[in-house]
Amino acid sequence: MKRSGAWLVRYALEQVGVSYTFGIPGVHNTEIYDELNKSGSIQPVLVTHEGGAAFMADAISRTSGNLGTLLIVPAAGVTHAASGIGEAFLDGIPMLIISGGIRTDSDKSYQLHDVDQHALLAPITKKTYKIATHGQIVPTIYEAFHIAHAGEPGPVFVEVPVNLQLFPGEVSLPAAFASAKESVVIDHEAIQKAARALYDANNPGLFVGWGAVDATEELVSIAEFLNAPVSTTLQGLSTFPANHPLHTGMSFGKASVPASENAFKHCDCMLAVATRFAEIATASYGVEPPEKLIHMDINPNVFNANYPAEITLEGDSKDLLKELLIALRALGEPKTDGGTLAASISKDKAAYYEEWFKHDSVDRVNPARFFAELRKQLDDNAIVVADDGNHTFLAAELMPIHTSRGFISPTDFNSMGYATPAVTAAKLANRDKQVVGIIGDGAFLMTCMETLTASSLDLGGVYFIFNDGELSQISQAQEIPYNRKTCSVLHEARFRGVAEATGCEFICISKTSGCKEGIRQALEYAAQDRPVIVDVRVDYSKRTRFTKGIVKTNLERFSMGNKARFVGRALLRKVTG
Ligand SMILES: Cc1ncc(C[n+]2csc(CCOP(=O)(O)OP(=O)(O)O)c2C)c(N)n1
Ligand SMILES: [Mg+2]
């Protein structure tokens, strides 16, 4: 049969179950856009910038069972999207990127958008493909779908030259898509050893990352069986419910909240699940896991990379945790301490909140009061999206997440500008859930036009801007060593104007006392499918444990000479201004 390349792309995307594509049309992909316009199952979404498109595709993958997909123009669309592709790559998020490609049936040089996109994307994708014939289109997209999900997930890029899209070519009837789950052979001996080590430990503990986000049930059962505290990475914040009595908080050690620090102080055997012990997860490598470290991950390259493990378990965390639970139960009765650990976690959590509540935020919004009110008004299954900055760590320390996939944030690529488009897309894929963003003012300025995409689609996302007038995560770090805030004080922006420009509702919460009504009103607008921008005049005068912890860890690591140089300069600038 004869089919155009654009038809074949649509067929393959429908087969693999893609629901949305994000991007902007250009001369190299309008033929595919025209095909998608005819699709009964795929909605092509127009964005304002391909950077937003990539963050949206990422958020689709993180918050729904769907594969986040981009449909963009070559070169300029690809470079604009690169930040979101990089984020998906380092955070292990499946993504499919389809771009047009320059003509392969022309002998002309200097075609529009002519760059080597594959070289450009090689470091931030799992694989890239350049389609050469009509017959390759469907099998390549099937393979791309498979690779995006296999092992540690990530982005896969497919370039479809425009001439193939436009003109029909001879192909055999394409096969229907059949997904195949790759399974790693489970090392049962290692499972037995891990179960024994955990069962025999006096103070076992669990540390879990995003890769275990669909294994919450198994994690809860194991934690309860061992009566073990559970801390998570930043990215993995939603893997374990914060309202479970054994949940302690983000990370462990001196940069974590007191409940985590105390519960893990005497940890003598740690089960680390689906974490790479990367820089953020370890608060700049400041954590000290016990010698008896059991490390479970789908990617064996992470084992012993930063912390030596006594036992390694390769495979899908859900499969392995199921086996581990069986092995643990075979060893004896569940452990119990009569509720002592749970009581001390609960006491530490309450005391930490109290410490924040007591902090005088003068005429601004106390972050702990804001999050306490937000938690009270949000449903358990709400999705919270944080950007990157001080607000992220405030959210991590003060906003309890109750549901798996209920928190997403750009972590290891650490790209500011993520949250606004991500709220828009998360709401698109989860219309029945509340979706709220916690977004730094600097981050909002980067991608705030994706609120226009939300209003054009009647998506009631809530965009809480943590407005402190600074790029605070950086200005806080500049304050002591430099006594200067070079390029980290923002130009004043009137966010009401953004709301007006994009057709969003607007609310300003200027003081703590305004939180209850401001949040209520915002959620009410959102429930009526109205996106709402909320200008939260937040107080940043109290530091997070995370920020204090990493500053200390990094300074301690300096050589004596460099320490003296930094401290000397700080003192001098304190005196001279
Ligand atoms: C694309 C990008 N540029 C710069 C940075 C460095 N950076 C990390 S956090 C941060 C400050 C963010 O400011 P804002 O969005 O206002 O959040 P706040 O820290 O004030 O809560 C900056 C500039 C980054 N992570 N990503
Ligand atoms: Mg800020």
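Refer to the structure above for everything that follows.
Note that the structure is a prediction, hence the values are computed from the model and not measured. (Residues numbered from 1 in each chain as written. Chains lettered and ligands numbered in written order. Predicted model: local features only at pLDDT ≥ 70, side-chain atom pairs only at ≥ 80, totals over all residues. Heavy atoms only, no water.)

Trainee: Lay out the site of ligand 1 in plain terms, naming residues and giving numbers.
Mentor: Around ligand 1, a shell composed of 17 residues is seen, among which Asn 390, His 391, Asp 441, Ala 443 and Tyr 540 lie nearest. Backbone polar atom of Met 416 to a nitrogen atom of ligand 1: 3.3 Å apart, as the coordinates give it. Note that an oxygen atom of ligand 1 is positioned 2.6 Å from one of the side-chain N or O atoms of Tyr 540. When ligand 1 is considered free in solution it has 590 Å² of accessible area, and contact with the protein chains removes 79% of it. Here the shell around ligand 1 is built from residues that sort into five nonpolar, eight polar and four charged. (Near = heavy atom within 4 Å. Polar contact = N/O pair within 3.5 Å; in protein donor to acceptor, adjacent residues only side chain to side chain. Areas by Shrake-Rupley, 256 points an atom, 1.4 Å probe, with all protein chains shown as cover. Nonpolar A, V, L, I, M, F, W, Y, C, P; charged D, E, K, R; others polar.)

Trainee: Before we move on, could you go through the coordination of the magnesium ion (ligand 2) and cite the residues and values that matter?
Mentor: Here the magnesium ion (ligand 2) is held by Asp 441 (OD), Asp 468 (OD) and Glu 470 (O), and the distances to it run 2.1 Å. Expressed as a motif, the donor residue spacing for the magnesium ion (ligand 2) is D-x26-D-x1-E. Of the two residues, Asp 441 sits in helix α16 (residues 441-447) while Asp 468 sits in the loop between β18 (462-466) and α18 (472-482), which places them 27 residues apart along the sequence. The exposure class assigned to Asp 441 is buried, which follows from its relative accessible area of 2%. (Donors = N, O, S within 2.8 Å, 3.2 Å for Na, K, Ca; no water. Helix = DSSP H or I, 4+ residues; strand = E, 2+ residues; numbered from the N terminus. Buried < 20%, exposed > 50% of the residue type's maximum accessible area, 1.4 Å probe, protein only.)

Trainee: Which residues make up helix α8 (residues 188-200), and what are the values?
Mentor: Between its terminal C-alpha atoms α8 stretches 18 Å, which fits the 18 Å expected from 13 residues at 1.5 Å a residue. What α8 keeps buried is the set Ala 190, Ile 191, Ala 194, Ala 195, Ala 197, Leu 198 and Tyr 199. For α8, the elements touching its buried residues are β9 (204-208), α9 (216-226), β12 (269-273), β13 (293-297), β14 (311-314) and α11 (317-329). Where α8 begins, one side-chain oxygen reaches toward the backbone nitrogen of Glu 189, 3.2 Å away; that side chain belongs to Asp 187. (Expected span 1.5 Å × (residues − 1). Contact = heavy atoms within 4.5 Å.)

Trainee: Tell me about helix α20 (residues 515-527), residues and numbers included.
Mentor: Owing to its 3.6 residues per turn, the α-helix brings residues three or four apart onto one side. Its 13 residues give α20 an end-to-end C-alpha distance of 18 Å, which sits within 8% of 18 Å, the value for a rise of 1.5 Å per residue. Within α20 the residues assigned to the buried category are Cys 515, Gly 518, Ile 519, Ala 522, Leu 523 and Ala 526. Here the buried residues of α20 occupy an arc of 125° about the axis, which is enough to place them on one side. For α20, the exposed residues set more than 90 degrees away from the buried face come down to Lys 516 and Ala 527. Trailing α20 by a residue or two, Asp 529 shows a phi angle of about 65°, which is positive. (Arc of directions from axis to C-beta.)

Trainee: Talk me through the pairing of β12; I want residue IDs and the actual numbers.
Mentor: Of all five residues that make up β12, five are buried, and the element is covered over most of its length. Because side chains alternate across β12, one face comprises the buried residues Cys 269, Leu 271 and Val 273, and the other comprises Met 270 and Ala 272, equally buried. Examined bridge by bridge, β9 and β12 share five bridges and lie parallel to one another. Paired with Gly 205 across the two strands is Met 270, which belongs to β12. By the bridge criterion, four bridges tie β12 to β13 in an arrangement that is parallel. Its bridge partner lying in β13, Leu 271 is registered against Ile 294. (Pairing = 2+ DSSP bridges.)

Trainee: I'd like a rundown of the side chain of Thr 392, residues and numbers included.
Mentor: Mapped onto the secondary structure, Thr 392 falls in helix α14 (residues 390-398). A polar contact of 2.8 Å, which involves the side chain of Thr 392, links it to the backbone nitrogen of Gly 389.

Trainee: Summarise the sheet that holds β14; cite the residues concerned and give the values.
Mentor: In space, the six strands of this open sheet follow the order β11-β10-β9-β12-β13-β14, with parallel pairing throughout. Since the sheet does not close on itself, it has two edges, and those belong to β11 (247-250) and β14, each with one partner. For this sheet, the mean angle separating the axes of adjacent strands, direction not counted, is 15°. Those strands touched by α8 are β9, β12, β13 and β14, and its axis lies near 130° from that of β14. (Axes fitted to C-alpha atoms, helices over the stretch in contact; angles between N-to-C directions.)

Trainee: With reference to specific residues and values, describe unusual backbone geometry.
Mentor: Its identity is not glycine, yet Ala 75 carries a phi of approximately 60°, on the positive side. Owing to a relative accessible area of 10%, Ala 75 belongs among the buried residues under this scheme.

Trainee: Let's hear about the state of the cysteines: which residues, and what values?
Mentor: Per the stated rule, a full pass over the model turns up zero disulfides. Of the cysteine sulfurs around Cys 487, a residue in no disulfide, the closest is that of Cys 448, at 20 Å. (Disulfide = S-S within 2.5 Å.)

Trainee: Break down the side chain of Asp 539 for me, citing the residues and quoting the values.
Mentor: One can find Asp 539 in the loop between β20 (532-536) and α21 (545-557). Put simply, Asp 539 is tucked away with no salt bridge, and the nearest opposite charge, on Arg 364, sits 5.6 Å away. One polar contact links Asp 539 to His 359, side chain to side chain, over a distance of 3.4 Å. Engagement of the side chain of Asp 539 in a polar contact is seen with the side chain of Ser 541, the distance being 2.8 Å. Setting aside its immediate chain neighbours within four residues, Asp 539 contacts His 359, Asp 360, Ser 361, Arg 364, Val 365 and Pro 367. (Lys, Arg positive; Asp, Glu negative; His and termini not counted. Salt bridge = Lys/Arg side-chain N within 4 Å of Asp/Glu carboxyl O.)

Trainee: I'd like a description of the pairing of strand β7 (residues 155-161), backed by residues and values.
Mentor: Of all seven residues that make up β7, seven are buried, and the element is covered over most of its length. Both faces of β7 are covered, namely the face carrying Pro 155, Phe 157, Glu 159 and Pro 161 and the face carrying Val 156, Val 158 and Val 160. Inspection of the sheet shows strand β5 (residues 95-101) paired to β7 by seven bridges, in the parallel sense. Residue pairing across strands places Ile 98 opposite Val 158, the latter belonging to β7. Two strands pair when backbone bridges link them, and strand β6 (residues 127-130) and β7 are joined in this way by four bridges, in the parallel orientation. Looking across to β7, one finds that Thr 128 is bridged to Phe 157. At this point the chain moves from β6, through helix α6 (residues 134-149), to the parallel β7, and the crossover so formed is right-handed. (Right-handed = clockwise from strand over helix to strand, strands pointing away.)

Trainee: Help me get a handle on the packing of helix α13 (residues 367-377) against α20, residues and values and all.
Mentor: The N-to-C vectors of α13 and α20 enclose an angle of 40°; their axes lie 10 Å apart at closest approach. In terms of their interaxial angle, α13 and α20 are classed as oblique. Where α13 crosses over α20, the handedness of that crossing is right-handed. In contact with Phe 370, Glu 373, Leu 374 and Gln 377 of α13, α20 contributes Cys 515, Lys 516, Ile 519, Arg 520 and Leu 523. (Parallel < 35°, antiparallel > 145°, perpendicular 65-115°, else oblique. Left-handed = near helix turned anticlockwise from the far one by under 90°.)

Trainee: Tell me about the environment of Ser 513, and name the residues and values.
Mentor: Locating Ser 513 in the fold gives a position in the loop between β19 (505-509) and α20. Here the alpha-carbon distance between Ser 513 and Val 365, two residues 148 residues apart in the chain, equals 7.9 Å.

Trainee: Report on the pattern of salt bridges, specifying residues and quantitative values.
Mentor: Going through the model one piece at a time under the given rule, you end up with 26 salt bridges. Here Glu 159 makes a salt bridge to Lys 130, at a shortest N to O gap of 3.9 Å. Of this pair, Glu 159 sits in strand β7 while Lys 130 is found in strand β6, placing the two residues 29 residues apart along the sequence. On the basis of relative accessibility, which here comes to 4%, the residue Glu 159 falls in the buried class. The partner of Lys 485 in a salt bridge is Glu 479, with the nearest N and O atoms 3.6 Å apart.

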